[in-house]
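Residues per chain are reported as follows:
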Amino acid sequence: MTNGEEEDIFHDIESGTAADDGSDADEEFSDPFDIGSTKNASHNMLKRWRQAALVLNASRRFRYTLDLKRDEQHEKRRRMIRAHAQVIRAALRFKLAGQQAKVLSSPVIPPSPSGPYGVKGISDMLRTNFEKGISGDDHEFAQRRDVFGSNTYPLKKGRTFWMFLWDAWQDTTLIILIVAAIASLGLGIKTEGLEEGWYDGGSITFAVLLVIIVTATSDYRQSLQFQNLNEEKRNIQVEVIRGGRREKVSIYDIVVGDVIPLKIGDQVPADGLVTISHSLAIDESSMTGESKIIQKDQRTPFLMSGCKVADGAGTMLVTGVGINTEWGLLMTSISEDNGEETPLQVRLNGVTTFIGIVGLTVAFSVLVILLARYFTGTSKDPDGTVQFVRGKTSLGHTIDGVIHIITAAVTIVVVAVPEGLPLAVTLTLAYSMKKMMADKALVRRLSACETMGSATTICSDKTGTLTLNQMTVVEAYVGKKKIDPPEDGSQLPASVSSLVDEGLAQNTSGSVFLNKVGEVEVSGSPTEKAILQWGVKLGMKFDTVKSESIVLHVAPFNSTKKRGGVAVRGRTGSQVHVHWKGAAEIILASCSQCIDVNGSVKPIENDMEFLKDAINNMAEKSLRCVAVAYKTFEANTVPTDQEQLAQWTLPEDDLVLLAIVGIKDPCRPGVREAVELCTHAGVKVRMVTGDNIQTAKAIAQECGILSSNADTGEPYVMEGKRFREMSEKDREQAANFIVVMARSSPTDKLLLVQTLRKQGEVVAVTGDGTNDAPALNEADIGLSMGIQGTEVAKENSDIIILDDNFASVVKVVRWGRSVYANIQKFIQFQLTVNVAALTINVVAAVTSGHVPLNTVQLLWVNLIMDTLGALALATEPPTDHLMDRSPVGRRESLVTNIMWRNLVIQATYQVAVLLVLNFEGLTLLKLKDDTIEHANMVINTVVFNTFVLCQIFNEFNARKPDELNVFAGVTKNHLFTGIVGSTFILQIIIINFLGKFTSTVKLNIPQWLICFVIGIISWPLAVIGKFIPVPKTPLGKVFIKPYQHCIAARKTQRNNT
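Since the structure is predicted, the reported quantities are computational estimates derived from the model, not experimental observations.

**Concerning the sheet that holds strand E9 (residues 457–460)**
Item 1. Across the sheet, eight strands lie side by side as E8-E26-E25-E24-E9-E21-E23-E22; this open sheet has mixed pairing. Unpaired on one side and paired on the other, strand E8 (441–443) and strand E22 (717–719) mark the two borders of the sheet. Strand-to-strand twist across the sheet, computed as the mean angle between neighbouring axes with direction ignored, equals 20°.
Item 2. The pairing of E8 with strand E26 (residues 799–801) spans three bridges and is classified as antiparallel. Within E26, the position partnered with Leu442 by the bridge is Ile800.
Item 3. Helix-sheet contacts for helix H28 (residues 746–758) involve E9, strand E21 (684–688), strand E23 (740–742) and strand E24 (763–767), and the interaxial angle to E24 is about 170°.

**Remarks on the packing of helix H32 (residues 855–873) against helix H34 (residues 932–959)**
Between two packed helices, both the angle of their axes relative to each other and the distance between the axes serve to describe the pair.
Item 1. The geometry of H32 relative to H34 is characterised by a closest axis approach of 11 Å and an angle of 15° between their N-to-C directions. Overall, the two elements H32 and H34 adopt an arrangement that is roughly parallel. Crossing hand, H32 versus H34: right-handed. Of H34, the residues touching H32 (which contributes Gln857, Trp860, Val861, Ile864, Leu868, Gly869, Ala872 and Leu873) are Phe944, Phe947, Val948, Glu955, Ala958 and Arg959.
Item 2. The residue inventory of the contact of H32 with H34, partitioned by class, reads ten nonpolar, two polar and two charged.

**Focus on the packing of helix H15 (residues 395–416) against helix H31 (residues 806–848)**
Item 1. Direction vectors running N to C along H15 and H31 enclose 160°, while the axes themselves pass 10 Å from each other. As the angle between them shows, H15 and H31 are arranged roughly antiparallel. Of the two possible hands of crossing, H15 and H31 adopt the one that is left-handed. Where H15 approaches H31, its residues Ile412, Val415 and Ala416 are matched on the opposing element by Asn834, Ala837, Leu838 and Asn841.

**Points about the pattern of salt bridges**
Item 1. Scanning all chains against the criterion turns up 30 salt bridges.
Item 2. Salt-bridge contacts for Lys482 lead to Glu475; the nearest nitrogen and oxygen are separated by 3.7 Å.
Item 3. Taking relative accessible area as the criterion, Lys482 reaches 36% and is therefore assigned partly exposed.
Item 4. Residue Glu475 is classed as buried on the basis of its relative accessible area, which comes to 9%.
Item 5. One network of salt bridges, in which partners are shared, links Asp461, Lys749 and Asp772.

**Section: helix H22 (residues 608–620)**
Turn by turn, an α-helix covers 3.6 residues, leaving residues three or four places apart pointing in a common direction.
Item 1. Taking 1.5 Å of rise per residue, 13 residues should cover 18 Å, and H22 covers 18 Å from first to last C-alpha, within 8% of that figure.
Item 2. Of all the residues in H22, the buried ones are Met608, Leu611, Ala614, Ile615, Met618 and Ala619. Projected onto a plane normal to the axis of H22, the buried residues spread over an arc of 130° and lie on a single side.
Item 3. Those residues of H22 that are buried lie in contact with strand E10 (472–478), helix H21 (584–589), strand E17 (591–595), strand E19 (623–634), strand E20 (655–664) and helix H25 (693–703).

**Topic: the side chain of Ser250**
Item 1. With respect to the helices and strands, the residue Ser250 is situated in strand E2 (residues 245–250).
Item 2. Looking at Ser250, the relative accessible area reads 11%, which means it is buried.
Item 3. If near-sequence neighbours (up to four positions away) are discounted, Ser250 is found in contact with Asn235, Ile236 and Gln237.

Conventions and cut-offs
Residues numbered from 1 in each chain as written. Predicted model: local features only at pLDDT ≥ 70, side-chain atom pairs only at ≥ 80, totals over all residues. Heavy atoms only, no water. Pairing = 2+ DSSP bridges. Helix = DSSP H or I, 4+ residues; strand = E, 2+ residues; numbered from the N terminus. Axes fitted to C-alpha atoms, helices over the stretch in contact; angles between N-to-C directions. Contact = heavy atoms within 4.5 Å. Parallel < 35°, antiparallel > 145°, perpendicular 65-115°, else oblique. Left-handed = near helix turned anticlockwise from the far one by under 90°. Nonpolar A, V, L, I, M, F, W, Y, C, P; charged D, E, K, R; others polar. Salt bridge = Lys/Arg side-chain N within 4 Å of Asp/Glu carboxyl O. Buried < 20%, exposed > 50% of the residue type's maximum accessible area, 1.4 Å probe, protein only. Expected span 1.5 Å × (residues − 1). Arc of directions from axis to C-beta.

Next up, the structure:
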C-alpha cells in the first residue's frame, strides 16, 4: 500500500466514514480539495489541489499558501550551511589529528578551563563573571552591542504596497477588461470625438483600477498584521544572570558576556561556551541536520545558537551574537515564509473552482447568445435602432459592438469566479489572530485557529492551566511528626535542619537572591519556588549552604521518573550525600529508613502505612505531595575522575526519608465555568497530569471536570502506566471514557492523543515540557504554555497560551468557531449575489439580447461582494451563540442546508423582482410618456440600484444565518457598519453624479423609494424563511456530483497526456 493510500484511509477514519461506500463515482473520484489536516501535509498533496484549482490570479490566490519551490530552495540552503559547518569541523579535527601524529611528540592537551584560553580566561577578557554575569548599567550593555553587535539578524523587508498593487494587476480577466477598455477608448474617440467618445472605455478602465487599488489595499493591511504577529513569535524571553540576579529579558537584548542558565527545552540563544554542565545534552539537528544528541561539558564546551537543550542543565557564557553566529547566517540567508494553507482555505478553493466552472459556462453561453443576436440583427440600441446591419454597419462600429459583448461576458466571469473567497479565510484569520492576542493566545500556525473550531476534546494539563500555578507549602511531615505551622523551623533539631537545607539548596534548578531593593526573591519553576520559599522560612541561608559543599554530579528532574537528584561533598568532611527530591509515593517506595523529629535514623517499616496515609490525606485535599530523601557515602567510594562522574548513576535505593511536604495550588477563578461551557459546546475536557491519582481526582472535582457523584474508578480515572500496559483494543475502548489520567508520562499523553485521533476525535492538547513536544506535534491543535512552557514545547505547538489559563483555551475554541461561521456568512452572501447576477444577465441576454447590468456596474457589484463583503462579514467577533452548537465536523459541508434555504429565498426574490422590473418596468415605473432611450436608461438604473440595495440589506441577513435577530451586536462591529454605510453613500453618489461612467441616470424620490422598499423587504422575508424546516442530509452532496465527474475527467485526461 502506498503512503498516499494510507493517508486517504486515515482521512476516511477521521471523518467517521467507511472507505468504501459502494458508489462507483466516489471510487473513481478523489477530491483534491478534501484535505482533513494540512499539518505535516506532503508536498504531493499540496501540489494536487493547486493543479486542480481554477485560478484567475495565481500570485494573489496562492500568496498565503506555502511556496513549494521556495520551501525546497530553503531546504537546499539549510543543507549547504550545515555541510559548511561539518566541513569546518572535519577540517579542524583533521588538522588536530595531523599535529598529534606528525608534529608533536606528546598528545595535544586541550586548553585548561581555568587557563588564558579557557572559560575563565575568556570571561576575564570579556570583563564578566561567569558565575554572577555582567555587572553594569544600560551604558555597559549599549557599549557591548556597539563592539560585538546585537543579537538580531537582518530580516527580509516586507512587501511594499506597490508589490501588492502589481499582484492585483495579474488577474487574467482584469487584464482582458483593460485591453478591451483601451480598444473601446480608441474606437470611441475615433468615432464620437474626445469629448463623448472616452466615456465607455474610460469608465471601464476607472472601475478596473478601483477594484485593483481596493484589493491591493486590503491585502497590504493583512500583510502588516502578519508581520506584527511574526515579530511576536520571534521575540523569545530568556533568563539571564546579571549582577548575581536572575531576570528575564528579550532574546534580542542578549549581549556578548552574558551568563545564561540552561535547562531542558531551552533554545540556545547565542553562540557560547559551557561554564557549568550537569549532564547537559544538546540537540544540534537544527544546525547540523544530524539527530544525534551531543553531550556538553568543559571538555567540549562550544554551543551553537538555535540548538535545543535535550537533557540536563547548565550555564553558558555568550561569545557571539546575531549575524556573527551560524544561526544568524542561516536565518539571514533564508526569508521566513508565512505561507501555509489551511483545510478551510483548500476547501474554499474547491468551492471557487466549482462556482468558476459554472460561471465560465454561463459567460460562454452569454457570449455565444449575444454574438449570435448581434450578427443576426436582433440586438437593438436603447433607442430601438438595430445595432448591426450587414453591409451597412462600419467596421469600427462592428468591432466596438463585439468588444462590448466580450467585456460583458468577461465581467460575468469576474463576478462569477469568487477569487476573494479563499482569501477571505486569510482575512478572517488575520483579524482573529490579532484579536486573539488580546485574549492571551498567540497563533503560530494559521490552520490551528480554524481547526480549534472543530475540536471535540481538550486534553489539559493541571498545573498552571487549571490551577493558578501559585504554589505554597501548607503541610509538612518529618518522620511521623507533622510540623504545624509548616514553616516553624524551631521544631527541627539542628542535624535535621542542616540536612534539609542542603537537600533543598543543592538539589534545585531554582535560586534565592536579593533583588535590587534588598528583598529576598526566589526564582525557578513554581514547585521549586514553593519548596525554596519553605526552606527560607525554616531559616535556610541559601548562598551559605551552597558554599559549604561541592556538587559532584546532578541527575536533573525527569518527568518520566518524577524525581531529580544531586551528589554533594562537604568541603571539609569525608562524606558524600546523595539527595533526592520528587513525587512523594515514588521517593517513599525507595526509602528503607526515615529520620524522626529528634534526628534519629530508624527503619521505615513501622511508619510506612502512616506515611502513605499522610500522602493520601494530603492528595485528597488537592495538595501536590513532594518528598525529600538522602543517602550517605564515604568519599572514597564515589568516583573522583570527571569522566567517571559523568557516567555515574546516582543510587536510588535504600534512601533515608527526610521530609514530606504538601503543596497547595488553588484552582483558577472561572475555570469551573470554562469547563462547563466546553461541555455545553460538545467539547469534552480531560485532565492529563503527572500528579498522583488522589490529587488529580480532587482537582478534577474542584474544576468541574469530574462531578461530585461521578464514577472515579477505571476507565474514567486511571494512571498512565495502566493505560500504557493495555492492549490496543482495550486502550481504544478506555480512551472514550477517560476523564482523568494521573501519574502520566509524556509517552502516555502521546498514546492517548494517537488513540483519540484514530477514533475520529479532533484533539487539542496543552503541554509545557520538552517531552510534551511529540504529543503537541501529533495533536490536531497543540497548545503550549507561554509562561511555563519550554522553547521546544512552543516550537512544536500551534498556539501559545500566553497566560497559561484554561479559560484562554476556551476563548480559542470560540475564535475557531467564529472563523468557520464568518466564512459561511461570506459564502452565503457571495453565492446569493452570484446566483442573482448570473441569472438576471443570462435570462435577459437570451430573451432581449442585452444585459441589464453592464461591465462597470458589475465591477462595482464585484467590489461590494468580494473585497468589501469579505471585510464586513469575515471580521465579525465571536458570540456566545457559537458555543451553543456542536463542534464543526472537518468534512461537514461548507454550505449547510440552512444556508441553501436562505440563499434560494433571497436569490429567487431578487431575480423575480429584477426581471419584472427589467421587462415590465415601462408600465410599473410609468415611463410610457418618456422617450424609449430615456425609459430604458431609467429601467436599467432602477434594476442596478435595486440590485445593489438588495445586497446591502442582505448583508445584514448574512450576519446571522440561523438567528431571527440579525441586528444583534451590529453597532459593536464598527467595520461592518462603516463598510455598509460607505457602500450606501457611494451608491447614492454613483446614481446621482457618475451617470456618464456607469451608464445610469438620476432617479427621482419615488423611484428611490421603490428601490429602497424592494431592498428592505429582504429583512422580513429572511425572518419568514427561517421558519421553513430543512432536511438533515446536506444538499451539497447532491450538487457536487457533476463537479466530481468533471474533476475526475480532467485527472484522467491529464494522466493520458
